[in-house]
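Chain by chain, the residues:
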There are 4 protein chains.
Amino acid sequence: MGLKYDVQYKRGDTWSKLTKVGVTGVRKPVAVGRKGVNSTLNGVLNCSIDIFVDLPADQKGSHLSRNVEVLRDVVEESVKTPATGLENVASDMCKKLLVHHEYAQTADVVIRAEYFRESKTPLGRNTLEIYKLLAGGSVARGSGVRKTIGVEAIGMTACPCAQQTVSEVLGCAGGIPIMSHNQRNVCTAMFTMDDDIEMEADEIIDIVQGAFSSPTYELLKRDDEGQVVINAHTDPRFVEDVVRKVLESIVGKYDRLPDNVEILVKSESEESIHKHNAFAERTATLGELREEYRNRTLIR
Amino acid sequence: MGLKYDVQYKRGDTWSKLTKVGVTGVRKPVAVGRKGVNSTLNGVLNCSIDIFVDLPADQKGSHLSRNVEVLRDVVEESVKTPATGLENVASDMCKKLLVHHEYAQTADVVIRAEYFRESKTPLGRNTLEIYKLLAGGSVARGSGVRKTIGVEAIGMTACPCAQQTVSEVLGCAGGIPIMSHNQRNVCTAMFTMDDDIEMEADEIIDIVQGAFSSPTYELLKRDDEGQVVINAHTDPRFVEDVVRKVLESIVGKYDRLPDNVEILVKSESEESIHKHNAFAERTATLGELREEYRNRTLIR
Amino acid sequence: MGLKYDVQYKRGDTWSKLTKVGVTGVRKPVAVGRKGVNSTLNGVLNCSIDIFVDLPADQKGSHLSRNVEVLRDVVEESVKTPATGLENVASDMCKKLLVHHEYAQTADVVIRAEYFRESKTPLGRNTLEIYKLLAGGSVARGSGVRKTIGVEAIGMTACPCAQQTVSEVLGCAGGIPIMSHNQRNVCTAMFTMDDDIEMEADEIIDIVQGAFSSPTYELLKRDDEGQVVINAHTDPRFVEDVVRKVLESIVGKYDRLPDNVEILVKSESEESIHKHNAFAERTATLGELREEYRNRTLIR
Amino acid sequence: MGLKYDVQYKRGDTWSKLTKVGVTGVRKPVAVGRKGVNSTLNGVLNCSIDIFVDLPADQKGSHLSRNVEVLRDVVEESVKTPATGLENVASDMCKKLLVHHEYAQTADVVIRAEYFRESKTPLGRNTLEIYKLLAGGSVARGSGVRKTIGVEAIGMTACPCAQQTVSEVLGCAGGIPIMSHNQRNVCTAMFTMDDDIEMEADEIIDIVQGAFSSPTYELLKRDDEGQVVINAHTDPRFVEDVVRKVLESIVGKYDRLPDNVEILVKSESEESIHKHNAFAERTATLGELREEYRNRTLIR
């Protein structure tokens, strides 16, 4: 069939550039060969992908099917040679997008996937926990790709303020940690950086899990359940504390990363005492965080 | 314009009845004149409505626009004369559906709406809390309408099992209630009954709120926050306990309701120590519940 | 640590049975060895699982951690010996639940998972499409397990009524199919049956896909896109038609299934001309459907 | 009760600023006195509100209950004197936040609400349609508030590319518009600007509705349904076209607005031929758009 011309290439009727044109919510399985991870459980990640390019002012439409072709190619390559990480998949997609859309100046990709990982309860039993992996890429023609790697993890926070209030009201004196309200917390940490920097999602999961009052677990027998409650109340934390603990771990751990790495950390508590949520967020470059950290010593 | 015939009435190609055909997710404002409630805040309820009839085996389609006409008529009437409750709105819709769909033998309506109500914190401050109203109707041609009235409320549960385990582990002796995990709980209670029975959603809200370890509040200053935590830990409850407390209140309060009232009560805790939820549910007629209650005395 | 007794076993304070007590939204990877399916893509299914037992009137609580232990055991077994289908996983879980909860009389399991499958576009290009697998089990102590197998698939419907109206308004005479509104449709088909009946989810996907005006595809180049549009408008269908086509395929294909198989088929169109959805559903036993089908010949 | 001190004010342990700390998903009814709108239906808007301030590096926590107090006060004022628009409510909240949080340097508010409006079908019948109102505010201490006003509306798009392909494949010659795929589209337009600029949400709804291939309607009898289909296929539009038509209307209509007004327009089509969505977005200042518009004449 000889189709005449693409409506998308039509010119003359338009005058405004578009920042992002593409497809959202494409579901794709991506084979990923992570080191040291149970390959049976995470050999293939079920991804939800958003993929965009910009559009010049004088062209009617973007060729959306080319975006899906880029997705298909990268996924098929991953089946032959497992990808080294979703952030590298996103980066590859960005580069291919600028090839396939010869008129585009920028490309953006966002990937989300579920991820299982083995964990140990406080008393040492094995459990399998679920996390979300977040990855992305962004490029302007002529520049290098900036890629994003991050995780979303669920944990538990106990409130320091209510704990102190209860202690004052009931006249408790030290010893055993006192009751407080505690709740499910969702914490996200994301790094955006140059394409050639290697990071592991598992490291970020460890950092985020270490920032809760306690991690949470699918399977808790009575003694483990009691220990999780004790642990959480021994280390009560606001959403603010969760974000700051993640920031502290990042500044402490990543000496090798350059100042221009962009960091986003957010924590949301599904409050047990309210019908709404509590929220805290920090966005900064690693350089800005390092400067704040250095200033810290001066203040004290 | 003289359109010929409705494709929907076409006959001869089909052989299977359909149980429900209709529209879902229609958004409509319904004016409701509840007694004793702040009419500024709840004079109009924003409803999401699902509305269905059945379809005989030999007719191609149902006239879906007639469903939306029924919705429009009932809503317009409510603006002139405020409805006496969403369950009566649903019942009215059911009756009209069988008139407009002359081929239908059954009609079903489901309505959900947000609802604000003033409340008092433990220390007596005013707050405004949000609930969901649930209503419905169901009718078979030749029979009376059965209507549903219910609520969904959010509260807090503290776990009795973890509280006891912590007490044993730490060797606490009585006195002050001990810490436990606690979390946001969503509890639903619904009554399905004959059309001429009157009930108030506010009563059901009171019953459900009384079944949590503690209600929750939008606005809590420090002393109130501490009191909510103390209250919840003084009355720890499983999801099972929440459902049973609602059932107990229903059996205790509604002597005037007949045995054939159908009850559904469910409670779901968004666990703070797990990434998943805990759930309990009871479905029964009021007659069945009464019999279980009578047997209770015999057991003890 | 010697913990004293389980609060859950406490007796004497309660009088009402509970229909379902358990956990919802547990995420687990399950290794499934489906025949003839790309094992790289679907060797492990990411499942969301709800799992319940009932609770007798005189016992305070259900041991929820036992539910999660059942999940863990079945998942670990699947890693060693891939399961033969999610419905068999659900059935296994039901049996184990009654062993672990010695006080329970019933057990219920619901599983949902994403599933990828290769498909061909109208012009023969390969694509990879996403579906949802639905599975479940239900058992009463002393009876056999009833298990559920089903799928949710997304396709496209074009409206027969609008097509005819447009034809009348514009005075079109036959030949080329005329424009209509068309939209995304989500169709679900589920079979509930005795434990020893074998079925394949892929068969049900084929049945559901054949009931749309056209299947849909991730990747469509221009000629394929045009063909999908032509195909859909050549075979316009109401939500009612989608459900009935699935029912017809089931009655035609499954001579080997007994009359007591329960069928649920539903179709929901995210209408392009409305802000709400259109919906049709049939629930029936296979025996009831067969009787309606036999009566069909008599009517005509 | 004399509580000692707020944990939130604790100093010395922290070193990192937080960008946003607050509460999300607070539900509040706000009385709004819009001009010329049916006050029965929209006299009170059910709002979902997110409200944040920043937090200095050396302070442990933000007083979240003060955020909820600000919400309560503004809502209570609205009951006495109806607000002139949600964007002014958001702006008020921002100013009060900086008063109540004496340590904060910035404040941010986001409000979403459902909104009903009467509309006319193509053949002149009355319908009632639902929209989402979007509003917000943002302020840095010492600067004026920037406020946001916007809407989200649902309409219909028919695809120009598939329409042309079908025309070529079937060899159609002009006359009647040819079939294409069409689908539900969600389009958002938002203006961020200085506090003293007045705009009406109804105007923005008109602009967005005018950018679809056709608006959609709750209630369409057959002749109106046919006309909507004909209208949509007479004016096929990509997601790109929808965004650009909104931008064109904005540049054409708002001579009175200054160059520093920030514009965000996005359009997402829930594709009928795919399982994923198509998406287009433009972010720009009004000044940038005006310059692109002026350059348009030069190009042609």
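As the structure is a prediction and not an experimental result, all values here were calculated from the model. (Residues numbered from 1 in each chain as written. Chains lettered and ligands numbered in written order. Predicted model: local features only at pLDDT ≥ 70, side-chain atom pairs only at ≥ 80, totals over all residues.)

A short note on the overall build of chain A
- Check the secondary structure of chain A and you find 8 helices and 9 strands.
- Seen along its three principal axes, the alpha-carbon backbone of chain A occupies a region of about 85 × 45 × 40 Å.
- For chain A, the proportion of its 300 residues judged to be buried stands at 56%.
- At a minimum sequence separation of 6, the contacts of chain A that also span at least 24 residues come to 71%. (Helix = DSSP H or I, 4+ residues; strand = E, 2+ residues; numbered from the N terminus. Buried ≥ 20, exposed ≤ 12 C-beta atoms within 10 Å, placed from the backbone. Contact = placed C-beta atoms within 7 Å.)

A word on the environment of Ser143(A)
Residue and element names in this part refer to chain A.
- By the secondary structure assignment, Ser143 is in the loop between strand E4 (126-140) and strand E5 (146-158).
- The class of Ser143 is exposed, set by 9 C-beta atoms lying within 10 Å.
- Sequence separation between Ser143 and Thr106 is 37 residues; the distance between their C-alpha atoms is 9.6 Å.

Examining the relation of the copies chain D and chain A
- For the pair chain D and chain A, the best superposition has an RMSD of 0.0 Å and corresponds to a rotation of 180 degrees with a translation of 0.0 Å parallel to the axis. Here the copies are linked by what is in effect a two-fold axis. No C-alpha of chain D approaches the rotation axis more nearly than that of Thr283(D), which lies at 10 Å.
- A shared binding surface is used by both copies, with 100% of the interface residues of chain D retained as interface residues in chain A. (Least-squares fit on C-alpha atoms with pLDDT ≥ 70 in both.)

A word on the interface of chain D and chain A
- With 52 residues of chain D at the contact, the number on the chain A side is 52 residues.
- Contributions of two or more residues to the side of chain D that touches chain A are made by strand E1 (18-31), helix H4 (160-170), helix H7 (239-253), strand E9 (277-285) and helix H8 (286-299) of chain D.
- Here the side of chain D that touches chain A takes 9 residues from E1(D), the largest share from any one element.
- By the bridge criterion, 5 bridges tie strand E1 (residues 18-31) of chain A to E9(D) in an arrangement that is antiparallel. When the sheet's bridge partners are listed, Lys20(A) is paired in E9(D) with Glu281(D). (Pairing = 2+ DSSP bridges.)

Some words on the nonpolar core
- In terms of nonpolar packing, the biggest core is built from 363 residues, with Val246(A), Val246(B), Val246(C) and Val246(D) touching the most fellow members.
- Contact partners of Val246(A), with chain neighbours within four places excluded, come to Cys187(A), Ala189(A), Ile207(A), Val208(A), Ala211(A) and Val265(A). (Core = buried A, V, L, I, M, F, W, Y, C linked by C-beta atoms within 7 Å.)

Quick look at the environment of Ser91(B)
Residue and element names in this part refer to chain B.
- For Ser91, the location among the structural elements is in helix H3 (residues 86-100).
- Residue Ser91 is classed as buried on the basis of its 25 C-beta neighbours within 10 Å.
- Sequence separation of Ser91 and His274 is 183 residues, and the distance between their C-alpha atoms is 41 Å.

With respect to the relation of the copies chain B and chain A
- Superposing chain B onto chain A takes a rotation of 180 degrees combined with a translation of 0.0 Å along the rotation axis, leaving an RMSD of 0.0 Å.
- Comparing interface residues between copies, 100% of those in chain B also sit at the interface in chain A, which points to an isologous, same-surface contact.

Digging into the packing of helix H2 (residues 64-80) of chain C against helix H3 (residues 86-100) of chain C
Residues and elements named next belong to chain C.
- Look at H2 against H3: their axes get within 10 Å of each other, and the N-to-C directions meet at 135 degrees. Classed by the angle they form, the pair H2 and H3 counts as oblique. In the packing of H2 onto H3, the handedness of the crossing is right-handed. Contacts from Arg66, Asn67, Glu69, Val70, Leu71, Asp73, Val74 and Ser78 in H2 reach Val89, Asp92, Met93, Lys96, Leu97 and His100 in H3.
- Considering only residue class, the contact of H2 with H3 consists of 6 nonpolar, 3 polar and 5 charged. (Axes fitted to C-alpha atoms, helices over the stretch in contact; angles between N-to-C directions. Parallel < 35°, antiparallel > 145°, perpendicular 65-115°, else oblique. Left-handed = near helix turned anticlockwise from the far one by under 90°. Nonpolar A, V, L, I, M, F, W, Y, C, P; charged D, E, K, R; others polar.)

Considering the interface of chain B and chain A
- Every contact between the two is made by 38 residues of chain B and, on the other side, 38 residues of chain A.
- Of all elements in the fold, only strand E4 (126-140), strand E5 (146-158), helix H4 (160-170), strand E6 (182-194) and helix H6 (222-234) of chain B reach the threshold of two or more residues within the side of chain B that touches chain A.
- With 8 residues, the top contributor of residues to the side of chain B that touches chain A is H6(B).
- Grouping the amino acids of the side of chain B that touches chain A by side-chain chemistry returns 19 nonpolar, 11 polar and 8 charged.

A closer look at helix H4 (residues 160-170) of chain C
- When H4(C) is considered as a whole, its buried residues turn out to be Pro160(C), Cys161(C), Ala162(C), Gln163(C), Gln164(C), Thr165(C) and Val166(C).
- Looking at the packing, one finds that the buried side of H4(C) touches strand E5 (146-158) of chain C together with helix H6 (222-234) of chain D.
- The first or second residue beyond H4(C) is Gly171(C), which carries a positive phi of 65 degrees.

Quick word on the domain arrangement of chain A
All names here are of chain A.
- Annotation of chain A at the domain level lists domain 1 (7-119 + 130-140) and domain 2 (145-300).
- Computed from C-alpha coordinates alone, the two centres of domain 1 and domain 2 are separated by 30 Å.
- Listed as interface residues are 17 residues of domain 1 and, on the opposing side, 14 residues of domain 2.
- A total of 9 residues in the side of domain 1 that touches domain 2 trace back to one element, the largest contributor, which is E4.
- When grouped by side-chain class, the residues that make up the side of domain 1 that touches domain 2 number 7 nonpolar, 6 polar and 4 charged. (Domains from an automatic or database assignment.)

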